[in-house]
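Spelled out, the chains give:
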Amino acid sequence: MGKPGSVSGEDESFVFKYCLSAVAAGVAETVTFPLDITKTRLQTQGEIAAHLAEASGKKPPPYRGMIRTAIGIVQEEGISRLWLGITPAVLRHVVYSGCRMGFYEYLRDHVLKKDEDGYFPLWKSIVGGLSAGAAAQFIASPTDLVKVQMQTEGRRLLEGKPRRVKNTLHAFRKISARYGVLGLWKGWLPNVQRAAIVNLGDLTTYDSAKHFILRNTSLHDNYVTHALASICSGLVAASLGTPADVIKTRIMNNPSLYKGTIDCFNKSVKHEGFFSLYKGFIPTWSRMAPWSLTFWLVYEQIRRLCGTSSF
C-alpha cells in the first residue's frame, strides 16, 4: 500500500516504473563498471591470443586472471580506463533495466496475474522473467554493441591497432555507416538469449526468493530481506548467463569473425575448450553480486520514498 496522495497499485504507470528502475540501474552500473570492463577483457583475451597464435604459429601467451587484468588496465592504460565505455553502459541499463522491470511487472500484474492468495507461482515468474529480459534487451542491443567495442579500445591501441571509435556518438555513427542501421543489432540474438537467461536468474530469483523469505520466515519486507534475495539472484544470474555472455561479447567485438552463435560456440570450444565459455565467471559473478545488491536496495528504497508498493 502506498502513502496517501502517492502513486501506487493500479495507478502505477509503465513510465513511472521505468523511471524508478532506470535511476537505480544507473547508480548500480556506475558503481560496479570496473568489474564489467575486466570481465569483457577476460572474455576476449583467449579469442585474441588464439587468433595471433594461428597467424604467427607461436604458442599463445598465458592468460591473465581477473586481478592481473584489472591491474594491467590501470598500469598500461590509466585508472580512468576502468570506466571506458561507461556512457553507453549507463545508457544501455537505463533502456534495458527500465524496460525489463516495466515489462515484468506488467506481465505479473495484468497478463499472467498472481494467484488468488496473492502469490506469483514460480512457473509464471520464469515465463515473465524470460519474456521481459528478451524484449528489453532487443530494444537495448545497440547500446550494448557500442559498450563492448569501446571497452576493448584500450587493448587495441596497446597492440598498435588504429582507434575504432572516439566516443559513444561516433561509435553509433561509424557502425551505422559501415553496416547500416540494422548493423547496430549485430550480435542481437546471443545478446537477447543471454539477457533472457540472466533476467531469469535475476528477476525471477529475486521475486521468488524475496516472497519465499517473507512467507516462510519472520523477516519483514526491508533491506535485510532485499539483500538476501539479491545475493541469490546475482549468483543464479551469473551461473546461467556467463556462457551466453562470452559468446555475445565475442560476436560484438569481432562481428566479421563469426557466422553466428553456433559458429562462435564451436570455435571457442575447439580452440580453448568448453570452460572457455566460463571465462570471466569470477568477475561476472563478482560484478553481478554487488550490482544486484546495489540495484535492488536502491530500487526498493526509491519505491518506498515515492510512496509506492514494494516490488
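In short, a report on the structure. (Residues numbered from 1 in each chain as written. Predicted model: local features only at pLDDT ≥ 70, side-chain atom pairs only at ≥ 80, totals over all residues. Heavy atoms only, no water.)

**Description of the packing of aromatic side chains**
Quick note on the threshold: Here a Phe, Tyr or Trp ring, Trp counted by its six-membered ring, pairs with any other such ring whose centre lies within 6.5 Å, and the pair is stacked when the planes are under 30 degrees apart, edge-to-face when over 60, and tilted otherwise. Runs of H or I in DSSP of at least four residues are treated as helices and runs of E of at least two as strands, each being numbered from the N terminus. For every residue, the accessible area obtained with a 1.4 Å probe (protein chains only) is divided by the maximum for its type, and the residue is called buried under 20%, exposed over 50%, and partly exposed between those limits. Two thresholds decide whether a charge sits over a ring: the Lys NZ or Arg CZ must be within 6 Å of the ring centre and within 35 degrees of the ring normal.
Counted under the stated rule, the structure contains 14 aromatic pairs. A ring pair is formed by phenylalanine 138 and tryptophan 185, whose centres lie 6.1 Å apart and whose planes are at 35°; its orientation type is tilted. Of this pair, phenylalanine 138 sits in helix 4 (residues 122-151) while tryptophan 185 sits in the loop between helix 6 (168-179) and helix 7 (188-216); the two residues are 47 residues apart in sequence, bridging distant segments of the chain. Between phenylalanine 138 and tryptophan 188, the ring centres sit 5.5 Å apart and the planes meet at 85°, which makes this aromatic pair edge-to-face. Taken together, the residues span a long stretch of sequence, with phenylalanine 138 in helix 4 and tryptophan 188 in helix 7 at a distance of 50 residues. Under the relative-accessibility criterion, tryptophan 188 is labelled partly exposed at 37%. Counting every residue linked through ring pairs, the aromatic cluster contains Tyr104, Phe120, Tyr206, Trp291, Phe295, Trp296, Tyr299 and Phe311. The residue whose ring lies beneath arginine 92 is tyrosine 96, and the NZ or CZ to ring-centre distance is 4.4 Å. For the cation-ring pair, arginine 100 lies above phenylalanine 295, with the distance from its terminal atom to the ring centre recorded as 5.3 Å.

**Some words on the environment of arginine 81**
Defined as follows: Pairs of residues are marked as contacts when any of their non-hydrogen atoms sit within 4.5 Å.
With respect to the helices and strands, the residue arginine 81 is situated in the loop between helix 2 (66-77) and helix 3 (86-111). Arginine 81 gets classed as partly exposed once you look at its relative accessible area, which sits at 21%. Excluding residues within four positions of it along the chain, arginine 81 makes contact with Ile37, Ile73 and Arg163.

**Some points on a nonpolar patch on the surface**
The test is simple: Only residues whose relative accessible area exceeds 30% and that form no salt bridge are eligible for patches; like-charged ones are grouped when within 9 Å, while nonpolar side chains (Val, Leu, Ile, Met, Phe, Trp, Tyr) are grouped when within 5 Å. Accessible areas in this description were obtained via Shrake-Rupley with a 1.4 Å probe; residue shielding takes into account the shown protein chains only. Each salt bridge in this description consists of a side-chain nitrogen of Lys or Arg and a carboxyl oxygen of Asp or Glu lying within 4 Å of one another.
Residues Phe138, Ile139, Trp188 and Leu189 make up a contiguous nonpolar surface patch of about 360 Å² in total accessible area. Among the elements of the structure, helix 4 and helix 7 are those that each provide at least two residues to the nonpolar patch.

**Observations regarding helix 7**
What counts, and what does not: To estimate how far a helix should reach, multiply one less than its number of residues by 1.5 Å. Fitting one axis to the seven residues ending at a residue and another to the seven starting there, the bend at that residue is the angle between the two axes.
Across its 29 residues, helix 7 extends 40 Å between first and last C-alpha, which sits within 8% of the 42 Å expected from 1.5 Å per residue. For helix 7, the principal kink sits at asparagine 199 and spans about 30°.

**Examining the nonpolar core**
Where we set the bar: In these notes, a set of buried Ala, Val, Leu, Ile, Met, Phe, Trp, Tyr and Cys residues joined through side-chain atoms within 4.5 Å is what counts as a nonpolar core.
Ranked by size, the top nonpolar core spans 21 residues in total, and within it Met101, Tyr104, Leu203, Phe295, Trp296, Tyr299 and Phe311 carry the most contacts. Contributing elements (two or more residues each) for this core: helix 1 (14-56), helix 3, helix 7 and helix 10 (281-305). With residues near it in sequence (within four places) discarded, leucine 203 still touches Arg100, Met101, Tyr104, Trp296 and Phe311. Core analysis: the second largest hydrophobic core is formed by ten residues, Leu145, Met150, Val165 and Met252 among them.

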